[in-house]
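Working through the structure, step by step
One-letter residues, chain by chain:
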Amino acid sequence: MKLPVLFIVAGALMVVGGVLALANPFAASIAVTTLVGIFLLIGGVGQMWAAYSTPEDDHRIWHGILGLLSLILGVMLMANPLAGTLSLTLIVGLLFLLNGVGRMIVALRLRDARYYWLLLISGALSLVIGFLVLANIATAATWLLGFLLGIQLMAEGAVLVALGMFARRG
């Protein structure tokens with residue numbers, strides 16, 4: 001299969017996955033939490049292996065500690081994905097807040113720039129979203145991660161389809 005066709009097929013599958021995630025954001029949120037748990041387990045195993053297999057490494061203890069923490073977090077997320085979804089939603093809310101504050105600080109430092117208002121409005125919107133997520137954390141946990149996954153899959157899928165179409169022409 002040629003690369004442009006592969007892009008188009010992969011993109012179309014991602015768009016379908018995004019639509020499915022938006023159709024059932026709660027199930028998609030649980031799936032996201034489970035996948036994060038799996039990735040933490042894999043990362044933890046890798047870190048533990050790095051700590052074990054490199055006795056001469058000065059950072060061996062840190063590899064071991066980080067590996068153990070990753071393993072514990074991965075097991076916790078997989079053992080109770082509903083609680084994990086709540087935790088991940090809390091992190092997403094905090095990230096929106098921090099991102100908003102950061103953008104607003106940059107905007108205030110660039111008052112003379114043409115895009116000052118865009119940064120300021122973008123930062124304010126991120127702050128509002130962060131506050132809304134954190135103020136309604138229990139409700140947001142049931143749909144936010146799945147919703148964000150759906151939007152991301154649809155956007156990435158659309159880009160891949162467009163890249164495949166452009167590559168076929170060129």
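Whatever comes next refers back to the structure up there.
Residues numbered from 1 in each chain as written. Predicted model: local features only at pLDDT ≥ 70, side-chain atom pairs only at ≥ 80, totals over all residues. Heavy atoms only, no water.

**Considerations on the overall build of the chain**
Regarding its fold elements, the chain presents seven helices and zero strands. Along its sequence from the N terminus, the chain presents helices and strands in the succession α-α-α-α-α-α-α. Relative to the compact-globule value of 15 Å for 170 residues, the chain shows a C-alpha radius of gyration of 20 Å, a clear excess of over 25%. Taken along the three principal axes of its C-alpha coordinates, the chain extends 50 × 50 × 35 Å. Sorting the 170 residues of the chain into buried and exposed places 25% on the buried side. In the chain, the proportion of contacts linking residues at least 24 apart, taken out of those at least 6 apart, comes to 76%. (Helix = DSSP H or I, 4+ residues; strand = E, 2+ residues; numbered from the N terminus. Rg over C-alpha atoms; globule rule 2.2 N^0.38 Å. Buried < 20%, exposed > 50% of the residue type's maximum accessible area, 1.4 Å probe, protein only. Contact = heavy atoms within 4.5 Å.)

**Some details on helix 3 (residues 60-79)**
The terminal C-alpha atoms of helix 3 lie 28 Å apart, and with 20 residues this matches the ideal 28 Å at 1.5 Å per residue to within 8%. Along helix 3, the positions that sit buried rather than exposed are G64, G67, S70, G74 and L77. The arc enclosing the buried residues of helix 3, seen along the axis, measures out at 165°, which places them on a common side. Set apart from the buried face of helix 3 by more than 90 degrees, the exposed residues are I61, W62, M76 and A79. Residues of helix 3 that are buried in the fold lie against helix 2 (25-53) and helix 4 (81-109). (Expected span 1.5 Å × (residues − 1). Arc of directions from axis to C-beta.)

**Quick word on the packing of helix 1 (residues 3-23) against helix 7 (residues 144-169)**
Following both chains from N to C, one finds helix 1 and helix 7 inclined at 160°, their axes separated by 7 Å at the closest point. When the interaxial angle is binned, helix 1 and helix 7 end up roughly antiparallel. Crossing of helix 1 over helix 7 shows left-handed handedness. The residue inventory of the contact of helix 1 with helix 7, partitioned by class, reads 21 nonpolar, seven polar and two charged. (Axes fitted to C-alpha atoms, helices over the stretch in contact; angles between N-to-C directions. Parallel < 35°, antiparallel > 145°, perpendicular 65-115°, else oblique. Left-handed = near helix turned anticlockwise from the far one by under 90°. Nonpolar A, V, L, I, M, F, W, Y, C, P; charged D, E, K, R; others polar.)

**Details of the side chain of S126**
Here S126 shows up in helix 5 (residues 116-135). A polar contact of 3.2 Å, which involves the side chain of S126, links it to the side chain of R103. Not counting residues within four places of it along the chain, the set of residues in contact with S126 comprises F96, L97, N99, G100 and R103. (Polar contact = N/O pair within 3.5 Å; in protein donor to acceptor, adjacent residues only side chain to side chain.)

**What about helix 7?**
Given a rise of 1.5 Å per residue, 26 residues ought to cover 38 Å, and the 38 Å separating the end C-alpha atoms of helix 7 matches this to within 8%. Where helix 7 is concerned, the buried positions are L144, L145, G146, G150, G157 and G164. Against helix 1, helix 2, helix 4, helix 5 and helix 6 (137-141) lie the buried residues of helix 7.

**Thoughts on the environment of L90**
Mapped onto the elements, L90 comes out in helix 4. It is 40 Å that separates the C-alpha atoms of L90 and A167, two residues lying 77 residues apart in sequence. In contact with L90, other than residues within four places in its own chain, are L134 and I137.

**Details of a nonpolar patch on the surface**
Taken together, the side chains of M1, L3, V5, L6, V9 and L13 define a hydrophobic patch exposed on the protein surface, amounting to about 600 Å² of accessible area. Relative to the elements of secondary structure, L3 occurs in helix 1. (Patch = residues over 30% accessible without salt bridge, like charges linked within 9 Å, V, L, I, M, F, W, Y side chains within 5 Å. Areas by Shrake-Rupley, 256 points an atom, 1.4 Å probe, with all protein chains shown as cover. Salt bridge = Lys/Arg side-chain N within 4 Å of Asp/Glu carboxyl O.)

**Digging into the packing of aromatic side chains**
Considering all chains together, one arrives at two aromatic pairs under this definition. Judged by centre distance (5.0 Å) and plane angle (70°), the rings of Y116 and W117 are edge-to-face. Classification of Y116 by relative accessible area gives buried; the value is 12%. The exposed category is assigned to W117, whose relative accessible area is 55%. Arranged with centres 5.7 Å apart and planes meeting at 75°, the rings of W143 and F147 form a pair that is edge-to-face. (Phe/Tyr/Trp six-rings, centres within 6.5 Å; stacked < 30°, edge-to-face > 60°.)

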